[in-house]
Amino acid sequence: MSKKGSKMTILFDLDGTLIDSTEAILESFHNSFDHYGYPHPDDEMIKALIGHPLDVMYAQLGVEENRVWDFVATYKEHYRVISTQKTVLLPHAGEAVEEAASFARLGIVTTKTGAYSRVLMEHFGLMRYFEVLIGREDVGHPKPHAEPIDKAVEQMGVSKESCWIIGDTRLDLGSAKNAGIGSIGVLSGYDNAEQLKTLTDIIEVDALQAVRHLEKLVEKSR
């Protein structure tokens, strides 16, 4: 479904950019703290860390280093069961992907587990638009490291000069900066405009407006 002759490549983040899985994430965190009898962090503390790898999140939330991976395993076990029921597409996200696919090649770069991400995108009927999906298990160094973007670019066989990422956090934009590609911040997720402005000059309300910004760039170059 992707346009292989297109000059532009668009990489999408997932959480806060195309999907809202906040309910599933929070429930899975609280379930793990219940399971091990630990005091619960409040929701705002958890949400402030969304976008980071799970092990980093648990460590930041006070779980001892030698217990972190136990918590991660319990989280994943619960999340796998509830994710499709408690995750929704963000407004205009489906339209954004379909419109982007009309003029660009598409990929997903996320810190979520790739296997679960693929299930979610197939659930929403959107996976067919994407050539690659780079998840946490596919890289040694997650965002904001360049590796996730570098891996997507390599697998797609595209030029970085025509590659952009659309994301809602400084992790996404930092990864773009480190990889040497363009970036657009969106306000549909977890970081605010002031935070996003530290790493990009382009901020849009949501993924659809970000896609339309890029579409105009393509039109101007014709």
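For the structure, check the block above.
This report concerns the structure included in the present document.

Before going further, it helps to examine the overall build of the protein. When you go through the protein residue by residue, the secondary structure sums to 10 helices and eight strands. The globule rule puts the C-alpha radius of gyration for 222 residues at 17 Å, and the 17 Å found for the protein is close to it. Each principal axis of the C-alpha distribution contributes one length, and for the protein these read about 60 × 35 × 30 Å. Residue pairs at least 24 apart in sequence account for 66% of intrachain contacts in the protein once pairs closer than 6 positions are excluded. For the protein, the exposed surface amounts to about 10200 Å²; the carbon and sulfur share of it is 49%.

A few words on unusual backbone geometry. Of the consecutive residues lysine 143 and proline 144, the connecting peptide bond is found in the cis state with omega at 15°. Summarising the element assignment, proline 144 is placed in the loop between β5 (132-134) and α7 (147-156). Look at histidine 92: it is not a glycine, yet its phi comes out positive at around 70°. Tracing the backbone shows histidine 92 in the loop between β3 (88-89) and α5 (93-101). Using a relative accessible area of 45% as the deciding quantity, one classes histidine 92 as partly exposed.

Before going further, it helps to examine helix α4 (residues 68-82). In this model α4 runs 21 Å from its N-terminal to its C-terminal C-alpha over 15 residues, within 8% of the 21 Å that 1.5 Å per residue would give. For α4, every residue scored as buried is listed here: Val68, Phe71, Val72, Thr74, Tyr75, His78, Tyr79 and Ile82. Considered in projection along α4, the buried side chains sweep an arc of 165° and stay on one side of the axis. For α4, exposure combined with an orientation more than 90 degrees from the buried face picks out Trp69, Glu77 and Val81.

We now examine the layout of surface pockets. In this structure, the largest pocket spans a volume of roughly 380 Å³. The wall of the largest pocket is formed by 29 residues, among which His52, Leu54, Thr111, Lys112 and Thr113 lie closest to the centre. When contributions to the lining of the largest pocket are tallied by element, the ones reaching two or more residues are α1 (22-35), α3 (54-60), α4 and α8 (170-179).

Within a regular beta strand, the side chains point alternately toward one face of the sheet and then the other, so they alternate between its two faces. The buried count for strand β6 (residues 163-167) comes to five of five residues, which makes it a mostly enclosed element. Alternating positions in β6 separate into two faces, Cys163, Ile165 and Gly167 on one and Trp164 and Ile166 on the other, with burial throughout. Here strand β1 (residues 8-12) pairs with β6 via four bridges, running parallel. Looking at β6, one finds that leucine 11 is bridged to isoleucine 165.

Conventions used here
Residues numbered from 1 in each chain as written. Predicted model: local features only at pLDDT ≥ 70, side-chain atom pairs only at ≥ 80, totals over all residues. Heavy atoms only, no water. Helix = DSSP H or I, 4+ residues; strand = E, 2+ residues; numbered from the N terminus. Rg over C-alpha atoms; globule rule 2.2 N^0.38 Å. Contact = heavy atoms within 4.5 Å. Areas by Shrake-Rupley, 256 points an atom, 1.4 Å probe, with all protein chains shown as cover. Buried < 20%, exposed > 50% of the residue type's maximum accessible area, 1.4 Å probe, protein only. Expected span 1.5 Å × (residues − 1). Arc of directions from axis to C-beta. 1 Å grid on protein atoms, 1.4 Å probe; cavity = no way out; pocket = protein on both sides within 12 Å on 5 of 7 lines; lining within 4 Å. Points joined across faces, edges and corners; volume = space filled by probe spheres on them. Pairing = 2+ DSSP bridges.

Purely geometric stuff here, so don't read any function into it on its own.
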